[in-house]
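Take a look at the letters that make up each chain.
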Amino acid sequence: MFQLLELPLAEVISHAVWLYFRFPLSYWEVEELMLQRGVVVSYILVQGVVR
């Protein structure tokens, strides 16, 4: 039913950080946007990379 894709971790984190800086989003909103695209990433991970 669903096809799993393996994405490079650095690319996923880079996109999440880009979303955070490009748009006025909170860490939770970035997590939700990534989840809507089928990528599970914690807001804590995004927060840790941004700081």
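As shown above, the structure is provided for reference.
This structure is a prediction, so every number in the text was calculated from the model and none was measured. (Residues numbered from 1 in each chain as written. Predicted model: local features only at pLDDT ≥ 70, side-chain atom pairs only at ≥ 80, totals over all residues. Heavy atoms only, no water.)

## Concerning the packing of aromatic side chains
Right, on to step 1. What the rule picks out here adds up to four aromatic pairs.
Right, on to step 2. Both rings, one in Tyr20 and one in Phe21, keep their centres 5.3 Å apart while their planes meet at 75°; by these two values the pair is edge-to-face.
Right, on to step 3. Take Tyr20: its relative accessible area is 22%, and that puts it in the partly exposed class.
Right, on to step 4. If you follow Arg22 out to its NZ or CZ, it ends over the ring of Phe23, 5.0 Å from the centre. (Phe/Tyr/Trp six-rings, centres within 6.5 Å; stacked < 30°, edge-to-face > 60°. Buried < 20%, exposed > 50% of the residue type's maximum accessible area, 1.4 Å probe, protein only. Lys NZ or Arg CZ within 6 Å of the ring centre and 35° of its normal.)

## Brief notes about the nonpolar core
Right, on to step 1. Residues Val12, Ala16, Leu19, Tyr27, Val30, Met34, Val39, Val41 and Val46 constitute the largest nonpolar core, which totals nine residues.
Right, on to step 2. Where this core is concerned, the elements lending two or more residues are α1 (9–22) and α2 (27–36).
Right, on to step 3. For Ala16, the residues in contact, after removing those within four places along its chain, are Val30, Met34 and Val46. (Core = buried A, V, L, I, M, F, W, Y, C linked by side-chain atoms within 4.5 Å. Helix = DSSP H or I, 4+ residues; strand = E, 2+ residues; numbered from the N terminus. Contact = heavy atoms within 4.5 Å.)

## Focus on the packing of α2 against helix α3 (residues 43–50)
Right, on to step 1. For the pair α2 and α3, the least separation of the axes is 8 Å and the interaxial angle reads 125°. As the angle between them shows, α2 and α3 are arranged oblique. You can see that α2 and α3 cross each other, and the crossing is right-handed. Contact residues: Tyr27, Trp28, Val30 and Glu31 in α2; Tyr43, Val46, Gln47 and Val50 in α3.
Right, on to step 2. Residue composition of the contact of α2 with α3, by class: six nonpolar, one polar and one charged. (Axes fitted to C-alpha atoms, helices over the stretch in contact; angles between N-to-C directions. Parallel < 35°, antiparallel > 145°, perpendicular 65-115°, else oblique. Left-handed = near helix turned anticlockwise from the far one by under 90°. Nonpolar A, V, L, I, M, F, W, Y, C, P; charged D, E, K, R; others polar.)

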